[in-house]
Amino acid sequence: MAARSAAARAGSAVPDLLTIGQVIARLKPDFPDLSSSKLRFLEERELVTPIRTASGYRKFSAADVERLRIVLGLQRDHYLPLKVIKDYLADLDAGRDPVLPGGGDAPKPSILARERRFTRDETIRAAGATPMLLSDAVSASLLPAADTYADDSVAVLKALVELQRTGIEPRHLRTMRGVAEREVGLIESALMPVSRRGDATSRAKATELAREIAAHLEVIRSSLIRSAIGRLDG
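Computed from a predicted structure; not experimentally measured.

Account for the pattern of salt bridges, with residues named and values stated.
Throughout the structure, instances matching the rule amount to 11 salt bridges. In this structure, Arg165 and Glu162 form a salt bridge, with 2.6 Å as the shortest nitrogen-oxygen distance. Highlighted residues: Arg165 and Glu162, both in helix H8 (residues 151-165), separated by three residues, approximately one helical turn. A residue is classified by how much of its surface remains accessible, and Glu162, at 45% relative accessible area, is partly exposed. A cluster of three or more residues bridged by salt bridges with shared partners is formed by Asp30, Glu66 and Arg69.

Laid out in structure tokens, this is it:
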């Protein structure tokens, strides 16, 4: 960090640095909602530290772009709040091999990392499912009706395969969509004071607050389920 700051103060020429607009252009295909205000918000939260030129412009390295890809991917795919992501990155920086809350796999730094997209047939094969199960999941509003699917959809379909072996079908889970929508309603109500401001910075803060609230709701939901399972054991 100090070396980068010194280079910036000295006006040293550092190869392959990108402007904020170039970074957005590189990441936008995978993260369509990305904006300059979102990047500035991530810098404000110390998730990324671009070099500042003598005239104050931000310049991003390839490592910065990869770090941003990890942050945005963890937000989108795991719905994690920035505090958790920041701790995860700190562990990576320290040479540790961290895991996400719940033990899920997380992306490791790679310049070639990209979100994978699967056709319908590829999704079915990757999940070990059947076309009927995917159709049932779509009918139960557990998955969208789409031509291609991302990794999280494959994970959902894999879970449905395992549940089907216990006799739990997608139709039994229809109420989960309603529960999720009610939680979104709670989140929207909580965000009202921030989101009504309408400026780009407030929108970025509202998005992050939404993730934090969702993470807290997930903790409560998991606790309730564990408590109910404990009663079954008794």
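Moving on, there is more to tell.
Could you give an account of a nonpolar patch on the surface, with specific residues and numbers?
A cluster of nonpolar side chains, namely Ile225, Ile229 and Leu232, defines an oily patch on the protein surface of about 320 Å² accessible area. Looking at the element boundaries, Ile229 is found in helix H10 (residues 200-233). Looking at Ile229, the relative accessible area reads 44%, which means it is partly exposed.

Would you mind going over the packing of helix H2 (residues 20-27) against helix H4 (residues 62-78) in detail, with residue names and values included?
In the contact formed by H2 and H4, the axes pass within 11 Å of each other and the chain directions differ by 50°. One finds that H2 runs oblique with respect to H4. As for the relative orientation of H2 and H4, their crossing is right-handed in sense. Contacts between H2 and H4 pair Val23, Arg26 and Leu27 from the former with Val65, Leu68, Arg69 and Leu72 from the latter. Broken down by class, the residue content of the contact of H2 with H4 amounts to five nonpolar, no polar and two charged.

What counts, and where the lines are drawn
- Residues numbered from 1 in each chain as written.
- Predicted model: local features only at pLDDT ≥ 70, side-chain atom pairs only at ≥ 80, totals over all residues.
- Heavy atoms only, no water.
- Salt bridge = Lys/Arg side-chain N within 4 Å of Asp/Glu carboxyl O.
- Helix = DSSP H or I, 4+ residues; strand = E, 2+ residues; numbered from the N terminus.
- Buried < 20%, exposed > 50% of the residue type's maximum accessible area, 1.4 Å probe, protein only.
- Patch = residues over 30% accessible without salt bridge, like charges linked within 9 Å, V, L, I, M, F, W, Y side chains within 5 Å.
- Areas by Shrake-Rupley, 256 points an atom, 1.4 Å probe, with all protein chains shown as cover.
- Axes fitted to C-alpha atoms, helices over the stretch in contact; angles between N-to-C directions.
- Parallel < 35°, antiparallel > 145°, perpendicular 65-115°, else oblique.
- Left-handed = near helix turned anticlockwise from the far one by under 90°.
- Contact = heavy atoms within 4.5 Å.
- Nonpolar A, V, L, I, M, F, W, Y, C, P; charged D, E, K, R; others polar.

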